[in-house]
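Listed below are the residues making up each chain.
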Amino acid sequence: LTNLSAKLQTSIFSHSQTLLETLKSVNPAATPMSKKTPAVGIDLGTTFSVVACLDTSNKPETIRNSEGDLTTPSVVFFDHDRPIVGKEALKVSATEPENVVRFAKREVGKDFFHQPIRDEQLPPEVIQGLILKKLKEDAELKLENVTKAVVTVPAFFNEPRRKSTQDAGQLAGLEVIDIINEPTA
């Protein structure tokens, strides 16, 4: 499992490097650490997600999350008080699987996630929006105000699924300025 996790992190990191090259082409004059923060790149993965930016030398840099990790599990736990995203949600998945959502990306474009959460039917983009919000908040620990993002999606995502991903970004408080295919990223 540890070896698999390391391979996933390496793969996600590799994707983020190419994603950042796309960011340079979208916003080449921006200095990422300036007061006017440019777009971040988000690899919104099925299992893990990652956010990256360009450093002051316009070199790609993966942003650590609030737990200090380079990747964030794409998992949401619906606690009684609030949703919890990431590592803590993953830990709870063994004891409260009925209140944990994993692999929501697989259902993007459907009306509702297959599993009711606390007796509610939620659209997958709401779940994806919670993951994006966590990534945005973690990026803001480094960059202050993050409002724009380039997000990766699988190449097979059709237009409605891409639109759902864009809607998820909007729910998270992000303007998704571009959606690119994972193989390209």
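What counts and how
Residues numbered from 1 in each chain as written. Predicted model: local features only at pLDDT ≥ 70, side-chain atom pairs only at ≥ 80, totals over all residues. Heavy atoms only, no water. Phe/Tyr/Trp six-rings, centres within 6.5 Å; stacked < 30°, edge-to-face > 60°. Buried < 20%, exposed > 50% of the residue type's maximum accessible area, 1.4 Å probe, protein only. Lys NZ or Arg CZ within 6 Å of the ring centre and 35° of its normal. Helix = DSSP H or I, 4+ residues; strand = E, 2+ residues; numbered from the N terminus. Lys, Arg positive; Asp, Glu negative; His and termini not counted. Salt bridge = Lys/Arg side-chain N within 4 Å of Asp/Glu carboxyl O. Contact = heavy atoms within 4.5 Å. Core = buried A, V, L, I, M, F, W, Y, C linked by side-chain atoms within 4.5 Å. 1 Å grid on protein atoms, 1.4 Å probe; cavity = no way out; pocket = protein on both sides within 12 Å on 5 of 7 lines; lining within 4 Å. Points joined across faces, edges and corners; volume = space filled by probe spheres on them. Nonpolar A, V, L, I, M, F, W, Y, C, P; charged D, E, K, R; others polar. Pairing = 2+ DSSP bridges. Right-handed = clockwise from strand over helix to strand, strands pointing away. Axes fitted to C-alpha atoms, helices over the stretch in contact; angles between N-to-C directions.

Q: Got a sec to walk through the packing of aromatic side chains? Specific residues and values, please.
A: Under the criterion given, the structure shown has 1 aromatic pair. Look at Phe 156 and Phe 157: their rings are 5.7 Å apart centre to centre, the planes differ by 70 degrees, and that puts the pair in the edge-to-face class. Exposure remark for Phe 157: the relative accessible area of 5% places this residue in the buried category. Sitting over the face of the ring of Phe 103, Arg 106 holds its NZ or CZ atom 4.4 Å from the ring centroid.

Q: Now, about the side chain of Glu 107: what can you tell me, with residues and values included?
A: By the element assignment, Glu 107 lies in the loop between strand 7 (100-102) and helix 3 (124-143). At 4.5 Å, Lys 110 is the nearest oppositely charged side chain to Glu 107, a buried residue that forms no salt bridge. Leaving out residues up to four positions away in the same chain, Glu 107 has contacts with Phe 112, Phe 113, His 114 and Pro 124.

Q: So what's going on with the environment of Val 85? Residues and values would help.
A: Looking at the secondary structure, you find Val 85 in strand 6 (residues 83-85). Setting aside chain neighbours within four positions, we find Val 85 in contact with Pro 73, Val 75, Val 76, Leu 130, Ile 131 and Lys 134.

Q: Run through the nonpolar core, naming residues and quoting values.
A: Among the nonpolar cores identified, the biggest contains 31 residues, and Val 40, Ile 42, Leu 44, Phe 78, Val 101, Ile 127 and Leu 132 are the most heavily contacted of them. Going through the elements one at a time, strand 1 (40-43), strand 2 (48-54), strand 5 (75-78), helix 3, strand 8 (148-153) and strand 9 (175-181) are the ones with two or more residues in this core. The next biggest cluster of nonpolar side chains, apart from the first, holds 6 residues, and it includes Val 75, Ile 84, Ala 89 and Val 92.

Q: Describe empty space enclosed by the protein, listing the residues and the values that go with them.
A: Counted according to the given criterion, the structure contains 2 cavities of 30 Å³ or more. The calculated volume of the second largest cavity comes to roughly 30 Å³. For the second largest cavity, the full set of lining residues is Ser 49, Val 50, Val 51, Ile 63, Asn 65, Leu 70, Thr 72, Leu 135 and Asp 138. Every element with two or more residues in the lining of the second largest cavity is listed here: strand 2 and helix 3. Looking at which element gives the most residues to the lining of the second largest cavity, the answer is strand 2, with 3 residues. The residue makeup of the lining of the second largest cavity, split by class, is 5 nonpolar, 3 polar and 1 charged.

Q: I'd love a proper account of the pattern of salt bridges, names of residues and values included.
A: One pass over the structure, following the stated rule, counts 10 salt bridges. Across the salt bridge formed by Asp 69 and Lys 87, the nearest N and O atoms sit 2.9 Å from each other. Separated by 18 residues along the polypeptide, Asp 69 in the loop between strand 3 (60-62) and strand 4 (72-73) and Lys 87 in helix 2 (residues 87-92) bring together distant segments of the chain. What makes Asp 69 partly exposed here is its relative accessible area of 23%.

Q: Give a detailed account of the environment of Ile 177, specifying residues and quantitative values.
A: Locating Ile 177 in the fold gives a position in strand 9. For Ile 177, a relative accessible area of 32% translates into the label partly exposed. Once the C-alpha coordinates of Ile 177 and Val 150 are considered, the two residues, 27 residues apart in sequence, prove to be 5.8 Å apart.

Q: Describe in detail the pairing of strand 8, supporting the description with residues and values.
A: The element strand 8 is largely enclosed, with a buried count of 5 among its 6 residues. Note that strand 8 and strand 9 share 6 bridges and pair parallel. Counterpart to Lys 148 in the pairing with strand 9 is Glu 175. Crossover handedness for the path strand 8 to helix 4 (residues 159-171) to strand 9: right-handed.

Q: Provide a residue-level description of the sheet that holds strand 7, including the pertinent values.
A: Spatially, the 3 strands line up as an open sheet ordered 6-5-7, and their pairing is antiparallel. Each end of this open sheet is capped by a strand with a single partner; those strands are strand 6 and strand 7. Averaged over all adjacent pairs, the angle separating strand axes in this sheet is 20 degrees, with direction ignored. Where strand 5 meets strand 7, 3 bridges bridge the pair, whose relative direction is antiparallel. When the sheet's bridge partners are listed, Val 76 is paired in strand 7 with Val 101.

So, to be careful, I would describe these as geometric facts and stop short of saying anything about function.
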